[in-house]
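# Coordinate analysis (summary)
This is what each chain is made of:
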Amino acid sequence: MNSRRDFLKQMSGAAMMIGAAPLLISRAVPVPQSGTIEIPGEDGMIVRSFRFLDLETPVEYLNTWLTPVPHFFVRNHMHEPSQLDPDGWRLTVGGEVDKPLTLTLSELAKLESHSIVNTLECAGNGRALQRPQVPGIQWGKGAVSTARFSGPRLRDVLQRAGIKPTGKHVMFRGLDEIPGKVPPFIRSIPIEKALDADTLIATHMNGAPLTKHHGFPARALVPGWIGAASCKWLTEIKVLESEFAGNFMSPGYRFPNQPVQPGDTVKPEDTHPLTALNVKSVISGPLDGASLKAGKIAVQGAAWAGEASIVKVEVSTDGGARWNPVSLGREQAHYAWRLWTYDWRAKGGDYTILSRATDSQGRTQPAIAAWNPSGYLYNAVDQVKIHVA
Amino acid sequence: MWGQPPSAVRSGTARLSAMLLTLAITSIILAALSPIATFAQNPVPVKVTEDLPPGSMQAKATTSCLECHEARIILQQRLSKGAWAKEVDKMVKWGAVVDANDRDALIDYLSTNFSPDRPLYEPPRTWIGKTAEKAPSTSSAAGKSK
């Protein structure tokens, strides 16, 4: 476990290193009022928390089909592992299997690798937009990003171990360091999703080995599902007879079975575990509060729907009275967002611009998201207010 | 001098050079003297981790809460007193050391400073380094993933 003293020592070292770094004060970077922090490899990210690390992608970066790793949101529930030695790293596979396994990183690398472009979204993305507000990291719109994840299929590893007929769920445990008496961040997924050809033990992201913040050397990648399913710093896979019983399966990461009134409490027995993501779109530009010149303005953004596909995105420039179809981007993959653009010829005035996505399951973003006590799966129609002169 | 606005920095090459030199020396001295990480690269400095606001419970809240996480996780919440009570009790169950006699005062301190009517917390951003703006190629496997 990482002690407070170790942590302070590391921070002191970081401060020394940064103090001696070259000065680049003239760089034309928009600096928010509250200042900036240097975290190597993480660029222009909103710091929701430094310790433990939670970084949100600003909406203006949600404008590329693959998110560069320095702009890919980071969600940690605990402290990152203080020691990560790729040679000493082991992945164990046990529980309801015939032949428990222990794999090294080089053994894992010998298995056939697959790539999945996946939009990863934290279940709590948009929590800050719920009213009344609820406790948790106050994510705005950017706890979502897309990358090409590569690595062996989880099912290839599970089949090598031989799943017993009693094996119905698959549990992941990572190497994150747990402070105090906090319950460990352990969750499970049903065996059907674990055996899906697209569920991976990912070792690479956008063609490069995972960085530490994204789970080096290996993470689960459960495509189309809430980010919490895709356990980082993976070190143990265990096949279970039933869903893992722990805080992050219940009461954590559950959604009310029935709509609830904002502010209501919900009994645990009236909830179910979160799995796939909602239909959702976000406007990456123009930015909220922007002042723009009259003429051609490109309204753009991204839209995603978990395991479903986006079938249309519409934009309104008059607060929702009329909706206009957008052009969807060329790049697509089953679990990846679609970029979209609406070319708008704007006259002077104040505007509320809205975006609304519809998916292949017939789901459409609602005007008001379903409030729930933990602020999960927020997916109301997105909006920005701009001035055109 | 840490708070020089960008406009002052841009006002002249000579002044800029002098300021950069002063900043460089100051930053090295400060870094050597203090474990508090403030960053010389930016015209607006910010501490890596924040402090809790002043008040009679500041010291006790710092000891109880910040052992496991930094203050920003608290500073960004906007919760009713009832919701703060639930959070405090959950954290005590998870290992936060709070004297039973201090529980109510701690809840008062949190719900006074971080109530729903307070302005939203404005978080800092990470500094933009050399790796920014390089979008990976999307040409190779688009549409082929499934």
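For clarity, every value in this text was computed on a predicted model and none was experimentally measured.

It is worth spelling out the overall build of chain A at this point. Helix and strand counts for chain A come out as four helices and 26 strands. Taken over the C-alpha trace, chain A has a radius of gyration of 22 Å; the compact-globule value for 389 residues is 21 Å, and the two agree within 12%. Judged by the C-alpha coordinates and their principal axes, chain A covers about 70 × 55 × 45 Å. Within chain A, counting contacts between residues at least 6 apart in sequence, those at least 24 apart form 72% of the total.

What follows is about helix α3 (residues 58–65) of chain B. All names here are of chain B. Along α3, the residues classified as buried are Ala61, Ser64 and Cys65. Along the axis of α3, the buried positions cluster into a sector of 80°, meaning they face one direction only. Exposed side chains of α3 directed beyond 90 degrees from the buried face belong to Ala59 and Thr63. In the core, the buried residues of α3 are packed alongside α4 (72–75) and α6 (103–113).

Residue and element names in this part refer to chain A. Strand order in the open sheet formed by five strands is β6-β5-β15-β9-β10, and the pairing between neighbours is mixed. Each of the sheet's edge strands pairs with one partner strand only, and the pair in question is β6 (101–104) and β10 (186–190). Strand-to-strand twist across the sheet, computed as the mean angle between neighbouring axes with direction ignored, equals 20°. Two elements, strand β9 (residues 169–174) and strand β15 (residues 234–240), share six bridges in a ladder whose sense is antiparallel. By the bridge assignment for β15, Phe172 is matched with Ile237. Contacting β5 (90–95), β6, β9 and β15, helix α3 (residues 154–161) runs over the sheet at an angle of about 135° to β6.

Glancing now at the environment of Asp176 of chain A. Mapped onto the elements, Asp176 of chain A comes out in the loop between β9 and β10. Excluding anything up to four places from it in sequence, Asp176 of chain A contacts Met78, His79, Pro81, Phe185, Lys232 and Trp233 of chain A.

Residue and element names in this part refer to chain A. Tallying each qualifying case throughout the model produces eight aromatic pairs over all chains. Measuring from ring centre to ring centre gives 6.1 Å for Phe72 and Phe149, while their planes differ by 85°; the resulting arrangement is edge-to-face. Of this pair, Phe72 sits in the loop between β3 (54–56) and β4 (74–75) while Phe149 sits in strand β8 (residues 144–152), and the two are 77 residues apart along the sequence. Comparing Phe72 with Phe149 shows no difference in burial state: the two are buried. With a centroid separation of 5.0 Å and 65° between ring planes, the pair formed by Phe185 and Phe248 is classed as edge-to-face. Of this pair, Phe185 sits in the loop between β9 and β10 while Phe248 sits in the loop between β15 and β16 (254–256), and the two are 63 residues apart along the sequence. Ring-pair connections join several aromatic residues into one group, and the members of that group are Phe72, Phe73, Trp139 and Phe149. If you follow Arg356 out to its NZ or CZ, it ends over the ring of Trp323, 4.0 Å from the centre.

Bringing the pairing of strand β26 (residues 382–388) of chain A into the picture now. Residues and elements named next belong to chain A. Residues Asp382, Val384, Ile386 and Val388 point to one face of β26 and are all buried, whereas Gln383, Lys385 and His387, pointing to the other face, are not buried. Bridging between strand β19 (residues 291–292) and β26 involves two bridges; their strand directions are parallel. When the sheet's bridge partners are listed, Ser291 is paired in β26 with His387.

Residues and elements named next belong to chain B. Where helix α5 (residues 81–93) contacts α6, the axes come no closer than 9 Å and their chain directions differ by 130°. Comparing their axes, α6 and α5 come out oblique. The two elements α5 and α6 meet at a crossing, and its hand is right-handed. Between α5, through Lys81, Trp84, Ala85, Val88 and Asp89, and α6, the contact on the second element is made entirely by Arg103, Leu106, Ile107, Asp108, Leu110 and Ser111. In terms of residue class, the contact of α5 with α6 is built from six nonpolar, one polar and four charged.

Take the environment of Leu292 of chain A next. All names here are of chain A. Relative to the helices and strands, Leu292 is located in strand β19. Taking relative accessible area as the criterion, Leu292 reaches 26% and is therefore assigned partly exposed. Leu292 sits 168 residues away from Gly124 along the chain, and the two C-alpha atoms are 32 Å apart. Here Leu292 is in contact with Pro286, Ile297, Ile386, His387, Val388 and Ala389, once residues within four sequence places are set aside.

Residues and elements named next belong to chain A. Note that Leu234 resides in strand β15. Along the chain, Leu234 and Arg148 lie 86 residues apart, while their C-alpha atoms are 18 Å from each other. Once you skip the residues sitting within four places of it in the chain, Leu234 turns out to touch Trp89, Leu91, Phe172, Arg173, Gly174, Ile201, Ala218, Arg219 and Ala220.

Turning next to the sheet that holds strand β20 (residues 295–304) of chain A. Residues and elements named next belong to chain A. In space, the four strands of this open sheet follow the order β18-β20-β24-β23, with antiparallel pairing throughout. Each edge of the open sheet carries a strand with a single partner, namely β18 (280–285) and β23 (327–328). Taken together, the five bridges between β18 and β20 define a ladder with antiparallel strand orientation. Along β20, the bridge assignment pairs Ser281 with Ala303.

With that settled, the discussion passes to the confidence of the model for chain A. For chain A, the average pLDDT comes to 92, and 91% of its residues sit at 70 or higher. Low confidence marks residues 1–33 of chain A, where pLDDT is under 50. Its contacts with residues over four positions away, or in another chain, come to 54 contacts.

Residue and element names in this part refer to chain B. Helix length check: α5 (13 residues) gives 18 Å between terminal C-alpha atoms against 18 Å at 1.5 Å per residue, within 8%. Among the residues making up α5, those that are buried are Ala83, Trp84, Ala85, Glu87 and Val88. Those residues of α5 that are buried are in contact with α4 and α6. Where α5 terminates, the next one or two residues include Gly95, which has phi positive at roughly 115°.

This part is about the pairing of β20 of chain A. Residue and element names in this part refer to chain A. When you tally the buried positions in β20, you get seven out of ten residues, the bulk of the element. As judged from the nine bridges shared by β20 and strand β24 (residues 338–346), these two strands associate in the antiparallel manner. Bridge assignment links Ala298 to a residue of β24, and that residue is Asp343.

Below, the discussion takes up the pattern of salt bridges. All names here are of chain A. In this structure the tally under the stated criterion is 20 salt bridges over all chains. One salt bridge connects Asp318 with Arg322, and the closest N-O pair in it is separated by 3.4 Å. What emerges from the salt-bridge pattern is a single network uniting Lys312, Glu314 and Arg356.

Conventions and cut-offs
Residues numbered from 1 in each chain as written. Chains lettered and ligands numbered in written order. Predicted model: local features only at pLDDT ≥ 70, side-chain atom pairs only at ≥ 80, totals over all residues. Heavy atoms only, no water. Helix = DSSP H or I, 4+ residues; strand = E, 2+ residues; numbered from the N terminus. Rg over C-alpha atoms; globule rule 2.2 N^0.38 Å. Contact = heavy atoms within 4.5 Å. Buried < 20%, exposed > 50% of the residue type's maximum accessible area, 1.4 Å probe, protein only. Arc of directions from axis to C-beta. Pairing = 2+ DSSP bridges. Axes fitted to C-alpha atoms, helices over the stretch in contact; angles between N-to-C directions. Phe/Tyr/Trp six-rings, centres within 6.5 Å; stacked < 30°, edge-to-face > 60°. Lys NZ or Arg CZ within 6 Å of the ring centre and 35° of its normal. Parallel < 35°, antiparallel > 145°, perpendicular 65-115°, else oblique. Left-handed = near helix turned anticlockwise from the far one by under 90°. Nonpolar A, V, L, I, M, F, W, Y, C, P; charged D, E, K, R; others polar. pLDDT = per-residue confidence, 0-100. Expected span 1.5 Å × (residues − 1). Salt bridge = Lys/Arg side-chain N within 4 Å of Asp/Glu carboxyl O.

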